Amino acid sequence: MGGAGGGRWKKRFLGWLKRARFCNCEELEDEEWAMVGRKGSQFVVNSRPFYVNGFNTYWLMIFAVDASTKGKVSEIFQQASSVGLSVCRTWAFNDGGWRALQKSPGVYDEDVFKGLDFVISEAKRYKIRLILSLSNNWEAYGGKAQYVKWGRSAGLNLTSDDDFFSDPTLKGYFKSHIKVWYDMQAILCLKPDLHIRVGHFFRPMKHCHQNGPNRMQDVELCRIPGQCKIRWLRPITARFMGNLKSTVLTRVNSFTNVTYKDDPTIFAWELMNEPRCLSDPSGDQFQAWVEEMSMYVKSIDQAHLLEIGSEGFYGPSSPDKVQFNPNTSVKQVGTDFLRNHKAFAIDFASAHIYADAWITSTVSDAHLQFTKTWMESHINDAENALNMPILFSEFGVSSKDGGYNDSFRDTLINTVYSTLLSSIKKGGGGGGSLLWQLFPVGTEYMDDGYAVFLSKSPSTATIISLQSKRMDTFNSLCSWRCHWGCKKKKVFELFMHAEM
């Protein structure tokens, strides 16, 4: 619908949408800011579909630690919000090295934790949800290689970085890291109604802060019917109780006073960024790790969604699907899209899209065709083989590629968006996408070639904003049960047509 009439219709429609969806009713806003869930192959919030238009900015926690860079966190959230982006994926790890969150196994820097507290609070301020990744396949920010270094320092005989997935001690290190996020679920009973044993008597925790000048007697958490419904733990000392206070109980966000496990700002947890296990092409070792770690997470936090962080490569379990891989070698990286995502505790699928890294570093129309085919195959599998949504959690193109220009980047982004919209119109499993990556002006020195600076890229910003409007329109007009069976489908289609 073009021309002046189309413009007037568009303004009237958007005005109606703003009144219907974005009123300043505090009660409505509180209701809407609920935990993201999943029903079948759709994300849902308050029983409505939640289709995602989002972005990656991995360095937020590190920037939030330093007063000189902290403002960039707010700036990128403000810019993302201005174009309607609703989800950000970022790192909740930094293992060893500069500004490490985890300085050594189980030892954390509280200042860095406070940086992440700030990131979460600012995301909520701008109505942006977070996917928090817990580890890295690559050496940047420590990753599995750092866990192996810690293991070797402890005297373990480790042969490769892939021992991260199989060595019991290293798996224990990672579980301890997860516990820093999740122990609140099991131990947050350290509230006034918790009963502990001091000597031969069970007493409420609030009466047991002192027992002697510097320490308690042997203390034991208990299970009293109707009181603390947690497992028995071994006797613990006052020193250990103090450590719990400083590393776990303070993960009540220092800015919002909301515990991470209860915060709807967190969209999901991610086990690892782009995991690979090259030492075992069969995929058995990595599959066992996914099953173990995902069940461990879910045994402690059932409220949040959980995903793997997969790149999406098809593996040995689906020989008929390997034709969709970008090249033959990725079948051997030890991951398996379908098999991995059938792990019981995984809530949604993830895949990345990097034709320029996987096929050739010179951009061409072949990259666009691959992107469309790759997405359609994964959306189909998410709906029919996995019965879960899929999030294309990284996609982009590098300005360092041969033949690159901003016009090609815009075309690639439009290809991703239009392929998702084809799924959305059918109520399908294409849950959304996250652009890699959004940077504010002043961070050019960190650009890996994929950074998008919205203030310098008006055409890209317009494309992103339009996609956000489409997603918002769908999310606000339709309930989960509808699957576009209602009359509102026509309204949405008219809106899409008018904006094109």
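Predicted, not measured: the structure shown is a model, and the values here were computed from it.

Draft legend 1. Broad picture of the nonpolar core. Grouped together as the largest cluster of nonpolar side chains are 98 residues, with contacts concentrated most on Phe55, Phe77, Trp289 and Leu438. Leu438 has contacts with Phe55, Asn56, Thr57, Ile76, Ala80, Leu85, Val452 and Leu454, leaving out every residue within four places of it along the chain. Counting 14 residues, the second-largest nonpolar core is a separate cluster that includes Ala34, Ala268, Phe348 and Leu391.

Draft legend 2. Molecular detail of unusual backbone geometry. Looking along the chain, the bond that leaves Trp436 and enters Gln437 is cis, with omega of 0°. In this fold, Gln437 is placed in the loop between strand 16 (430-436) and helix 14 (458-477). Of note, Glu274 is a non-glycine position whose phi angle comes to about 50°, a positive value. Within the element layout of this structure, Glu274 appears in the loop between strand 12 (266-270) and helix 9 (284-300). For Glu274, a relative accessible area of 10% puts it in the buried group.

Draft legend 3. Inspection of the environment of Ser476 at higher detail. On the secondary structure map, Ser476 appears in helix 14. A C-alpha to C-alpha distance of 8.2 Å links Ser476 and Pro49, two positions 427 residues apart in sequence. Engagement of the side chain of Ser476 in a polar contact is seen with the backbone oxygen of Thr473, the distance being 3.1 Å.

Criteria and cut-off values
Residues numbered from 1 in each chain as written. Predicted model: local features only at pLDDT ≥ 70, side-chain atom pairs only at ≥ 80, totals over all residues. Heavy atoms only, no water. Core = buried A, V, L, I, M, F, W, Y, C linked by side-chain atoms within 4.5 Å. Buried < 20%, exposed > 50% of the residue type's maximum accessible area, 1.4 Å probe, protein only. Contact = heavy atoms within 4.5 Å. Helix = DSSP H or I, 4+ residues; strand = E, 2+ residues; numbered from the N terminus. Polar contact = N/O pair within 3.5 Å; in protein donor to acceptor, adjacent residues only side chain to side chain.

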